[in-house]
Amino acid sequence: EVGDDGGPLPARHAGHFFDWVSASFRLQDQEILTSAGLDQAMLVHFLELGMASFAIIGIPMCLVILPMHVLGGNVNNDDLISRTCFSNINHGSLLCWVHAFMVWFVVIVIDLQIYACQWHFVKLRAFWLKTLPPLRASTILVEGIPLRNRTNTQLKAFFTEMFEGRDVVESTSIIIRTQALEHAILARDTARKAYDDAKQQRASLEETNRDSDDETSSQMSTPRRMLQASTQALVDSAVDALKNTYENLERDCEAERQRLRDQISMVESWAVENIIGHAVGEESDEDMMTTHMRRHSSVQTAFKSALTEKLLMFIGHTPTFEEQKIDSLYAGMGFVTFRTRYDATMALHLMPYTPDLAHFKVSVAPDPADVEYDSMKLRDLNTKAWSFLGWALIILLFLFFMPAIGFIGASANIRNLALYDKTSTISELIVKHPKSVRIWNGFACQMALNLVLSFLPTTLVQISTWCFERKAHSWFQHDLQKFYFVFLLVFQLFVVSVADSLAGTIVETIEAPLSLIGKLAGGMAQTSSFFLTVFVSQWTVIALEHTRFVQLIKYRLGTRTQTPAEAHAAAEPEDQDYNGMGARSARYTVLFVIGICFVSLCPLICVIAFFTFALVRLVVGYQVVYAETKKPDLGGDFWVLSLVHLQLGLLIYISCMTVMLLRKAGTHHPALLAGTAFFYVLESILTFQGRFHWKSVCHTELVKLVQCEKAGTLVVQHRKAMRDTYAQPELEYLKEAA
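Below or above, wherever it landed, is the structure these notes cover. (Residues numbered from 1 in each chain as written. Predicted model: local features only at pLDDT ≥ 70, side-chain atom pairs only at ≥ 80, totals over all residues. Heavy atoms only, no water.)

## Observations regarding the overall build of the chain
Summing up its helical and strand segments, the chain has 33 helices and 4 strands in all. The buried share of the chain, reckoned over its 738 residues, is 49%. When contacts within the chain are restricted to residue pairs at least 6 apart in sequence, those whose partners lie at least 24 apart make up 82%. Of the roughly 36,300 Å² that the chain leaves accessible, carbon and sulfur atoms contribute 63%. (Helix = DSSP H or I, 4+ residues; strand = E, 2+ residues; numbered from the N terminus. Buried < 20%, exposed > 50% of the residue type's maximum accessible area, 1.4 Å probe, protein only. Contact = heavy atoms within 4.5 Å. Areas by Shrake-Rupley, 256 points an atom, 1.4 Å probe, with all protein chains shown as cover.)

## Here's the deal with the sheet that holds strand 3 (residues 330–338)
In spatial order, the strands read 2-3-1-4; together these 4 strands make up an open sheet with antiparallel pairing. What marks the edges here is a single partner per strand, and that holds for strand 2 (169–176) and strand 4 (361–364). For this sheet, the mean inter-axis angle between neighbouring strands, taken without regard to orientation, is 25 degrees. One ladder, built from 4 bridges, connects strand 1 (residues 139–143) with strand 4; its direction is antiparallel. Bridging from a neighbouring strand, Leu 141 pairs with Ser 363 of strand 4. Each of strand 1, strand 2, strand 3 and strand 4 touches helix 7 (residues 152–162); the most contacted strand, strand 2, lies at about 135 degrees to it. (Pairing = 2+ DSSP bridges. Axes fitted to C-alpha atoms, helices over the stretch in contact; angles between N-to-C directions.)

## Regarding the packing of helix 5 (residues 95–130) against helix 32 (residues 677–691)
Two elements in contact, helix 5 and helix 32, have axes separated by 11 Å at closest approach and are oriented at 5 degrees. As far as their axial angle goes, helix 32 and helix 5 are roughly parallel. Contact residues: helix 5 offers Val 103, Trp 104, Val 107, Ile 108, Asp 111, Ile 114, Tyr 115, Gln 118 and Trp 119, while helix 32 offers Ala 677, Tyr 680, Val 681, Ser 684, Thr 687, Phe 688 and Arg 691. Looking at the contact of helix 5 with helix 32 residue by residue, the class counts come to 11 nonpolar, 3 polar and 2 charged. (Parallel < 35°, antiparallel > 145°, perpendicular 65-115°, else oblique. Nonpolar A, V, L, I, M, F, W, Y, C, P; charged D, E, K, R; others polar.)

## A few points about helix 30 (residues 637–664)
Relative to the 40 Å expected for 28 residues at 1.5 Å per residue, helix 30 spans 41 Å between its end C-alpha atoms, a close match to the ideal helical length. Within helix 30, 24 of the 28 residues are buried, which leaves it mostly tucked inside the rest of the structure. (Expected span 1.5 Å × (residues − 1).)

## Some details on helix 32
Over its 15 residues, helix 32 extends 20 Å from the first C-alpha to the last, a length consistent with the 21 Å expected when each residue adds 1.5 Å. Regarding helix 32, the residues found buried are Ala 677, Val 681, Ser 684, Ile 685 and Phe 688. The buried residues of helix 32 occupy an angular sector of 105 degrees when the element is viewed end-on, so they sit on one face. The exposed residues of helix 32 that point more than 90 degrees off its buried face are Phe 679, Leu 686 and Gly 690. Those residues of helix 32 that are buried lie in contact with helix 5, helix 30 and helix 31 (669–675). (Arc of directions from axis to C-beta.)

## A few points about the packing of helix 3 (residues 38–71) against helix 29 (residues 604–627)
Interaxial distance between helix 3 and helix 29 falls to 8 Å at its minimum, and their mutual angle equals 160 degrees. Between helix 3 and helix 29, the interaxial angle falls into the category roughly antiparallel. The chirality of how helix 3 crosses helix 29 is left-handed. Of the residues belonging to the contact of helix 3 with helix 29, the class tally is 20 nonpolar, 4 polar and 2 charged. (Left-handed = near helix turned anticlockwise from the far one by under 90°.)

## As for a nonpolar patch on the surface
On the surface, a nonpolar cluster with roughly 620 Å² of combined accessible area is contributed by Leu 378, Trp 386, Leu 389, Leu 393, Ile 395, Leu 396 and Leu 399. Position of Leu 396 relative to the elements: it lies in helix 16 (residues 380–411). According to the relative accessible area criterion, Leu 396 is exposed, its value standing at 55%. (Patch = residues over 30% accessible without salt bridge, like charges linked within 9 Å, V, L, I, M, F, W, Y side chains within 5 Å. Salt bridge = Lys/Arg side-chain N within 4 Å of Asp/Glu carboxyl O.)

## What to know about the pattern of salt bridges
Here the idea is simple: oppositely charged side chains can pair when their charged atoms come close. The final tally for this structure, using the stated rule, is 23 salt bridges. Between Arg 192 and Asp 196 there is a salt bridge, with the nearest N and O atoms lying 3.3 Å from each other. One end of the pair is Arg 192 and the other is Asp 196, both in helix 8 (residues 179–216) and 4 residues apart, which spans about a single turn. Among the residues examined, Arg 192 registers a relative accessible area of 36% and is labelled partly exposed. A relative accessible area of 30% means that Asp 196 is categorised as partly exposed. What emerges from the salt-bridge pattern is a single network uniting Arg 188, Asp 189, Glu 250, Glu 254, Arg 257 and Arg 261.

## Describing the environment of Trp 391
If you trace the backbone, Trp 391 turns up in helix 16. A relative accessible area of 47% places Trp 391 in the partly exposed class. With 72 residues separating them in the primary sequence, Trp 391 and Ile 463 have C-alpha atoms 8.7 Å apart. Beyond its immediate chain neighbours, meaning those up to four positions away, Trp 391 contacts Phe 468 and Phe 483.

## Considering the environment of Met 660
Here Met 660 is to be found in helix 30. Counting along the chain gives 573 residues from Met 660 to Ser 87, while the straight-line C-alpha distance between them is 9.2 Å.

## Looking at the pairing of strand 3
The element strand 3 is extensively covered by neighbouring structure, given that 9 of its 9 residues are classed as buried. Two strands pair when backbone bridges link them, and strand 1 and strand 3 are joined in this way by 5 bridges, in the antiparallel orientation. In the sheet register, Val 142 faces strand 3, and the bridge partner there is Gly 334. The pairing of strand 2 with strand 3 spans 6 bridges and is classified as antiparallel. From the neighbouring strand, Ser 173 faces strand 3, where its bridge partner is Phe 335.

Here it is as structure tokens:
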């Protein structure tokens, strides 16, 4: 079996129905990295981290804490599950001291696991960086290019100067504003498709007429022949009209291409003149600017408004005519490809280039096939306005979902509905079938929440795509992970825990923000049994996802009108809003955080969470390697953000347990013991941020890599690129002019 890039997939020993189970669990991180990318490999490793953490924590929780809850209290006598929870402990019990030490145990286990896994990631990241395709490994993304350097010639000269005159730059590709050309190409392609469809219909009509002539030439009446001929003439005229439309639009595209060629040639010639002028000392910067302003003063006066003049005076610099033409052609960012990987890495380490940190911001270039060119073409003012709108929409979405989730959480509980039942039917049902009512309260609410929250990723992706400037499609997924995690954490943990008194909780939180922790802790203690169903309900969702029934339906329908290869291409990939890296990472991290928050309150959740993560590991491990198509790779950004969110979950766990111990224990000492873990985690978070160097290859490894490349002893094989150029797709024909 081969992957999308032509490379072999890990061996899979077929022979029985469940051979995929053993194939999935045998996969190693290195194999997943090679077949599906580092992001997918670290997603699988995160699931293994969840399995290991709940297995280690679950041993003392189930063998020590759970019997303590059952035997050490008699508060809850409703059912066996409630007796295993923290709320069953009597007030003032000495068992609170055991819980205080267990808080430290949980924190230390998770913290050590996080650091150990991060070191493992750093090693995989180094291998991933070493095996990058040569083009991506030697290219950097440059943002905030000033007007004085915003041409390919000037940008190349700038980096040549930064490297003391050495010719280190292979090529530059500044983003060109091509909105007019894109519209022309879109219109041409639409006309081309209509023209091709019309030709196909004409060919089908001609074949039908030819067959009818052969079969019934003697019996066909004259009117029918005339109708057939007139129909053929109408179709021919329609095809000719569509052909003329297509040819006219093609000429419009070529005219727009020529206009861009002329503009590029003009501004690049200005750049060459400026560079030569600086080299021979013809004019200083001030003299050259004065000359340009005098030369084009009449043109400037024609299109400058009074408001623009005031803004330019406030900025302190009046752009020349050349600079204005450059700004209308080139955006403020682009790609610089160096001749060697070493020079590209050194360019990343030379920051800052100027005192203004907004200029020449450099970073590792995204995958060429993943670049979001449309977002790069926006001007700074437009970007800020759209960003403001995006944040406003996210806040409105949050405010809309909060009461909706609270209403669902409260109304799905049959006991709450009994308060409004005047016939007492629901009350009788609760008395006669208490177990069925508890099952309904758990699963109905959770399934309703899953249904409502499943629409969130698509909404968040649309807001992020339209309103926020990102340089790659995968970075939209990274944004989705941030937003979706916050939404899920708030709505699945916070709002559900206080659903019965949501309005009062909001009012109290506004008046006294710290009261939220107490409300949350009390709500979590009362809903411990409910959150067991959060994990159990995921099993059905995971099983449905594994069947990939949506892709199967698309493929089966597609094979009716397409070849199998075309139907397969049309059926893939899966929905990237809900099943992309961002949404998956956020969902699994929230499950991890919920499990951690409840390990002390309901020890049974350790067992349920372990089997949930094992099931997800089985399914996702198989899918990303053997079933799904390969996606562009950020190289671990999703993993690092998941660990940061997990550390945030530890803070929530410590805060809630501190409040619970303060309420349950007869003294405040157990709460103080547990609360000190908060400062341990804070220090660990600060250390984590500055401990690991993973963004680029460290200098010692880079020197070794360069030496091996020169000696010809490098055994690392570079991955195959999904696209072999950073030029804009609509401008690849302008390479020579640029």
